[in-house]
Amino acid sequence: MPIGHPGPPCDCWGGVMFERRRAIDKSAAGKWARLGTFLRSTFSAYAADEADAAHFRAKQLQAVLRLTPIATVVNVSNAALLSVVLWDQASRSFLLVWSTLIVVVSAMGFRGWYRSHRGALRATASRRALGRAWLHAAVLATLWAALPLSTFAGATSSGKFFIGMLTTGMICAGGCMLAPLPWAATTFALILGLAGTVVLAAWPAPEASGTSGLLFFYVLTVVYAAWVLAKSFGARLMAEAHAARQSEVIGLLLRDVEDQSSDLLWELDARGRFAKVPRRLAQTLSTAPARMQGLRASVLLRRLLPQDDEARAQWASLTDLLSGQDPFRDAVIHLAAEGRQHWWSLSARPLRDAQGGLVGWRGVATDITDKHVAHRKLRWLAHNDALTGLVNRGQFHESLRAALLAASTHAHPLAVVTFDLDGFKQTNDSHGHSAGDQLLQTFGARLIAVARRTDTVARLGGDEFAMLVRGVDGAAAIQPLLERIASSLASPLLTHGTRISLRASMGVAFSPEHGTDVDTLMRHADIALYSAKRAGGSRHSIFQQTMAEASRRRAALEHSLRGAVARQELWLVYQPQISAPGGRLDGFEALLRWRHPEFGEVPPAEFIGIAEQAGLMPAIGAWVLTEACREALAWPADIRISVNVSATQLSAPGFLELARSNSERMPATRVELEITESALIDDPDAVVATLGTLRTMGYRIALDDFGTGYSALGYLRLFRFDTLKIDKSFIHDLAANNEAQVIVDTIVAMAGALKMATVAEGVETSGQALLLEQRGCNVLQGYLFSRPLAPHDATAFMQAWAIGAAPPRVHASA
């Protein structure tokens, strides 16, 4: 045979073809199997065995039945409406029969709801029950479909509009309400949708075909949404079933452990007497076993019952259980024996004779005292502040929310007062957290002491407190309470031999005037609080709408102030201080300025207070002291520099180290540190100690704004200052006001007696300068000599003053 000739057919060729066909058949079978699996998973709300599926079917039916009353009303109302609209456009006989059938079918559904509502809910449901629900949906959809099929063609435009609107609405409503039964929802939507599509397709209007397509697409969307909801519902049912099985297993295990590790066993006979008395039970009840034998349990235990409502309620519940014949678990009873409180958890089963009659009880008593006390403590901590015992922020907000709800119903006014302790941080830093905690406890106790029984006092956190005051509707109504609070804080706190002042700022907001919800009322009270703090603290402020804008500006300034040093927005100016007797340039006071990129130049009186309260002053003050000393280092050696030091800066941990570091670069004798009287209020002992350390370094110490603060004369006894600065408020009216002259005379005379220098601020006229010099004031400062100067202008001023080219010197003969 020539090479390459095909030759005769081989016998194995038929076998190869058979195997190939077999493989193709297997592949096709696999594809059909996968298709069947896909369809089952797609058109099934859940995958469960028959036991779970029976429970799930009951839940599905219950979900639909809950909406049945609404569905009944919707069906009957819509049928009545369409009958009225189409009464003159369609066969009245048809409308009467059709609407009657709608009412009958809807009533059948309502009857099913009523029967399930009156009786106990069934735990399971058969497939036949789902089939009946599906049939009901199909019949109802068919009835609704009959309307457009029978009446649409002969209806007017308005009639067509009503038919279309209600048909579309019923498709959507039916699909949503029947979603727990996805096949019923699908059948309902498809029947109505197909009827609408057919009617629109037969309509000769030009827009009919497009509208028909849109309706068909809309029906598919509703069907898809129904299946998505059904699958979500089924997933929840399966998750609940899984959780229930786990809970059942855990419960069985726990009950088994409890049965094996009972604390005390007890048994009662049919008359409620102790049948067996274990020694441990007798010891726990502090009663001899012989005395307990045959004694009625109710008589003995009632004697040990504490006299409080909770214990009596628990006892009543236990007696109800024992008067029945069903087993019970974890019935709690509270007993008091030998001065100790005990909580017991009782579980018991009835004992029965051969005929099933009750002959007694046998059970277990578990001592849950530790657990109960721990739970009570946790519940208390969830609503109260652990340090002060006051309610906490969450409970206060809940109380305020309830009060506002009652106020909206019964028109009961109320007020919220927020508190912030002035100088609390300094107390914590100087005396430690134990003193701070004692201060918080004392403040809370004094608030409680002055509050009424109807008021709620809370600690919100840190040094923030709040009070809910019911039944007040304005400033006059709440003024007596605010005065009582101020009086209660007058006495300082004595701790470890140290007197600590109790001072607080208060903000007040009224409801409904300033807000009717928790957040608004609290925010407005806080705004009023910050207004009181900006005004100097230790006072109250009532919210006004103008404060809200000021609060927003303040927040913006505080945010910008945090990076002002780094952005070089702060700078110093220097105002000359002139020696009165000879007109010599004595030095300069460094004054801080800030140019905000949005608000322009911000007054120091505004931003320094913000920096103080935001805790930014230590860092800013450190920059001021360093920058002022650096600038003054280039001046003549006899020219001093005065630098203001804030209260928070003075108590900052690193301030003394900063002062020591600056004294190494510039002689401390050339630097005068000015403090205000407010720096001595919160913790005078610590401040005096700090001032003493600064003086040993060589710094001069000045008391700024003397006479305008709290207890100026008292502070002079605590510390011997080098300089007293007379506030400009006394200088302004010096020429025309005899009282101002007397005050200045007194300050100058007292300073001279104590060997202190005096500096008069705010000198603007030659007449003021002359009067001050005549009274012996040592140094004058004010616009009479110069406004605050930039560094290069200050250098030029020194040079001009030295040659007499600056403003004229002050002499007694001027």
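Placed above this text is the structure.
Here's what I pulled together on the structure shown here. (Residues numbered from 1 in each chain as written. Predicted model: local features only at pLDDT ≥ 70, side-chain atom pairs only at ≥ 80, totals over all residues. Heavy atoms only, no water.)

So, the overall build of the chain
For the chain, the count of helices and strands is 29 helices and 21 strands. Considering only contacts within the chain whose residues lie at least 6 apart along the sequence, 65% involve residues at least 24 apart. (Helix = DSSP H or I, 4+ residues; strand = E, 2+ residues; numbered from the N terminus. Contact = heavy atoms within 4.5 Å.)

Looking at the layout of surface pockets
Roughly 1400 Å³ of internal volume is contained in the second largest pocket. Along the wall of the second largest pocket there are 44 residues; nearest its centre are Leu61, Leu65, Gly109, Gly112 and Trp113. Elements represented by at least two residues in the lining of the second largest pocket include exactly α2 (50-66), α3 (68-85), α4 (92-118), α5 (127-151) and α6 (157-177). Ranked by the residues each element gives to the lining of the second largest pocket, the list is headed by α4, at 10 residues. Here the lining of the second largest pocket is built from residues that sort into 25 nonpolar, 14 polar and 5 charged. (1 Å grid on protein atoms, 1.4 Å probe; cavity = no way out; pocket = protein on both sides within 12 Å on 5 of 7 lines; lining within 4 Å. Points joined across faces, edges and corners; volume = space filled by probe spheres on them. Nonpolar A, V, L, I, M, F, W, Y, C, P; charged D, E, K, R; others polar.)

Comments concerning the pattern of salt bridges
Going through the model one piece at a time under the given rule, you end up with 27 salt bridges. Arg503 serves as the salt-bridge partner of Asp422, at 3.6 Å between the closest nitrogen and oxygen. Here the residue Asp422 occupies a position in the loop between β6 (414-421) and α15 (424-431), and Arg503 occupies one in the loop between β10 (498-500) and β11 (504-511), the gap between them amounting to 81 residues. Note on accessibility: Asp422 and Arg503 belong to one class, buried. Between Lys725 and Glu589 there is a salt bridge, with the nearest N and O atoms lying 3.0 Å from each other. Residue Lys725 is found in strand β19 (residues 723-726), and its partner Glu589 is found in strand β14 (residues 585-596); the two are separated by 136 residues along the sequence. By the burial criterion, Lys725 is buried, and Glu589 matches it. Salt bridges sharing partners connect three or more residues here, namely Asp420, Asp422, Arg503 and Lys533. (Salt bridge = Lys/Arg side-chain N within 4 Å of Asp/Glu carboxyl O. Buried < 20%, exposed > 50% of the residue type's maximum accessible area, 1.4 Å probe, protein only.)

Digging into the sheet that holds strand β4 (residues 340-352)
One open sheet holds the 5 strands; their spatial order is β2-β1-β5-β4-β3, and the pairing between them is antiparallel. Each having just a single partner strand, β2 (274-276) and β3 (328-337) make up the two edges of the open sheet. Shown here is a sheet whose adjacent strand axes are inclined to one another by a mean of 40 degrees, direction ignored. Across 8 bridges, the pairing between β3 and β4 is antiparallel. By the bridge assignment, Val332 is partnered in β4 with Ser345. Here helix α12 (residues 309-323) sits on the sheet and contacts β1 (264-269), β3, β4 and β5 (358-367); the angle it forms with β3, its principal contact strand, is near 135 degrees. Helix α13 (residues 369-383) rests against β4 and β5 of the sheet, and its axis sits at about 120 degrees to β4. (Pairing = 2+ DSSP bridges. Axes fitted to C-alpha atoms, helices over the stretch in contact; angles between N-to-C directions.)

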